[in-house]
Amino acid sequence: MYREVILDHYKNPRGHGVIEDADAEAEGFNPLCGDEVSIYVSFAEDGETIDDVKFSGRGCAISQAATSMLVDMAKGRKAQELADLPKDDLLDEIGIPLTPIRLKCALLGLGVLKVALHRAKGTPLPQEWAGLDELELK
Amino acid sequence: MADVAVTETRKLDAQKLRADFPIFEQLIHGKPLSFLDSAASSQKPRQVLDAIRTFYETSYANVHRGVYELAERATAGYEGARETVARFLNASSTREVIFTRNATEGINLVAYAWGLNNLGPGDVVVVTQLEHHSNFVPWQYIAHRTGADFRMLALDEQGELRLDELDDLAGGGRVKVVAAGLVSNSLGSVNPVEKLAAWAHERAAIMVCDAAQGAPHRVVDVQALGADFVAITAHKLCGPSGIGAVWGRMELLEAMEPFNLGGHMISRVRFEDTSWGEVPAKFEAGTQAIAEAVGFGAAIDYISEVGLDAIERHEHELAAYALDRLAELPWVKTYGPPADRRAGIVSFNVEDIHPHDVAQILDGEGVAIRAGHHCCQPLMAKLGVAATNRASFYLYTVPDEIDRLVDGLHKVRKILS
């Protein structure tokens, strides 16, 4: 499970940190293990293209690596594209079989990103992610 | 010269007992199973599995209903299990034992059937910071519903209850309920339930004890504990899942409203109204987990044959051994009291490595531990962590399994640090 690319993203996460005055942000947590992640997005001048993404929080290697990979995937794409991004695209990138419990770790960052875009841009938030919106940590 | 009575606790032979447990006959990821998650649920010996199978094959029917031979055998099996539970807990009456699905349901039964009718504004419900969510969330919910005050007894740095803060905690309210676990499922701390019960009774409050984690590992004598309700579950003491019991004082049970409503719990049903059956039937609506109750009884027979004192001593030895071995690793932090004051449970964290990753890599080595918040989020908040790793032991645990845990932790460090 801990193949080289996962370990690389885990040990050298892309976009770890905070964007002050982010254009979009959200927090979420995984009730199974208590892990938390916050995602910050800034847009380019067109207001649609994602210029930068950062994340903070605590989590296992799978959740940290998956969120780091998501940062690479998200930059330069439009908000709508990310809102529509199927979770299988990220899972293909992760490229390892995940048990249902670890699946929640891997997809936490993607869900929080979709919530952030939904709140800032009104992009649709399909039912499977809606729970995260309600679970926002105050 | 006076006679000297020498009592010697039997020592159990865990290696020999393992032969009773079919689960250990397989390889996990090509390796022998090191099962260090018995606090979540225990494995089942052949004696219990056989008892359930034999019951289904020879004596099964619904209970308390039919007049035919099989129905009588089934009723005898089910009620016989109640007598076994009553003896196990040293209840003064078998009727004080109510079968439930698990300890959680037992506590919910008390919270709803007693709490809803006896709590209100100005009353205080006290729980502890160590509680499993099972003995925390029901009381929090019922307190909020009734307007009672919900308060939490804090822990010291070793994870033991701050009894010195009790009187302050009671300030300005009428304490009606004190709810505490006998053994913490996260830290293994053994709580002074007798003292809490005495304190509760000085204030005419009831003492509710969650003994789900205590009953598998030490003698639980409800009369000596002094509690008013004690909840246990079968699956943690070598029995099947889906069955547990709550013991309560008869005068309280008699005065309580029912919990679940339906068949068997009634005395007379008319269109206008219904009267309730006698205790314990009043609390056992619908068809119960009959074969599971029989398995529950068989499990109690099994652990009683091994001996609760011997089990307790074995687990103390394992906890001491595990704490010693983990102390060799400067990058491992353990939580909870010293070995002599804890049951066979050790919670720990590996520096900078998330428990999920620890548990996942250990799984590849055939070592099963729990990683998470252990249904104790208030405790995790106190420890300042989101989650811990937990290794827990039972009568079939051998030191070699702890050695394999330590070897596995070295591998975790090698991969992730």
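The preceding data block contains the structure.
Residues numbered from 1 in each chain as written. Chains lettered and ligands numbered in written order. Predicted model: local features only at pLDDT ≥ 70, side-chain atom pairs only at ≥ 80, totals over all residues.

Our next topic: the sheet that holds strand β5 (residues 123-128) of chain B. Residues and elements named next belong to chain B. Taken together, seven strands build an open sheet; the order of strands is β4-β10-β9-β8-β7-β5-β6 and the sheet is mixed. What marks the edges here is a single partner per strand, and that holds for β4 (97-100) and β6 (149-153). Along the sheet, successive strands turn relative to each other by an average axial angle of 20°, direction set aside. As defined by bridge partners, β5 adjoins β6 across five bridges and the pair is classed as parallel. Pairing of Thr128 across the sheet is with Leu153, part of β6. Lying over the sheet, helix α3 (residues 69-89) contacts β4, β9 (229-233) and β10 (244-248), oriented at roughly 115° with respect to β4. (Pairing = 2+ DSSP bridges. Helix = DSSP H or I, 4+ residues; strand = E, 2+ residues; numbered from the N terminus. Axes fitted to C-alpha atoms, helices over the stretch in contact; angles between N-to-C directions. Contact = placed C-beta atoms within 7 Å.)

Another point: the sheet that holds strand β14 (residues 345-350) of chain B. All names here are of chain B. Taking strand neighbours across the sheet as the criterion, the four strands line up as β13-β14-β17-β16 in an open arrangement whose pairing is antiparallel. The open sheet has two edge strands, β13 (332-335) and β16 (370-372), and neither has a second partner. Strand-to-strand twist in this sheet, taken as the mean axis angle between neighbours without regard to direction, amounts to 30°. Here four bridges tie β14 to strand β17 (residues 388-392), and the two strands are oriented antiparallel to one another. The residue bridging Val346 from the neighbouring strand is Ala391, located in β17. Together, β13, β14 and β17 form the strand contacts of helix α11 (residues 308-327), whose direction differs from that of β14 by roughly 15°. Strands β14, β16 and β17 of the sheet are contacted by helix α12 (residues 355-364), whose axis makes an angle of about 160° with β16.

This paragraph deals with the packing of helix α4 (residues 103-118) of chain B against helix α5 (residues 137-146) of chain B. How two helices pack is summed up by the angle between their axes together with the distance between the axes. All names here are of chain B. Contact geometry for α4 and α5: axes closest at 10 Å, N-to-C directions at 15°. Judged by the angle between their axes, α4 and α5 are roughly parallel. Relative to α5, α4 is oriented so that their crossing is right-handed. When α4 is examined against α5, the residues Ile107, Asn108, Ala111, Tyr112, Gly115 and Leu116 are found in contact with a partner set consisting of Pro138, Trp139, Ile142 and Thr146. (Parallel < 35°, antiparallel > 145°, perpendicular 65-115°, else oblique. Left-handed = near helix turned anticlockwise from the far one by under 90°.)

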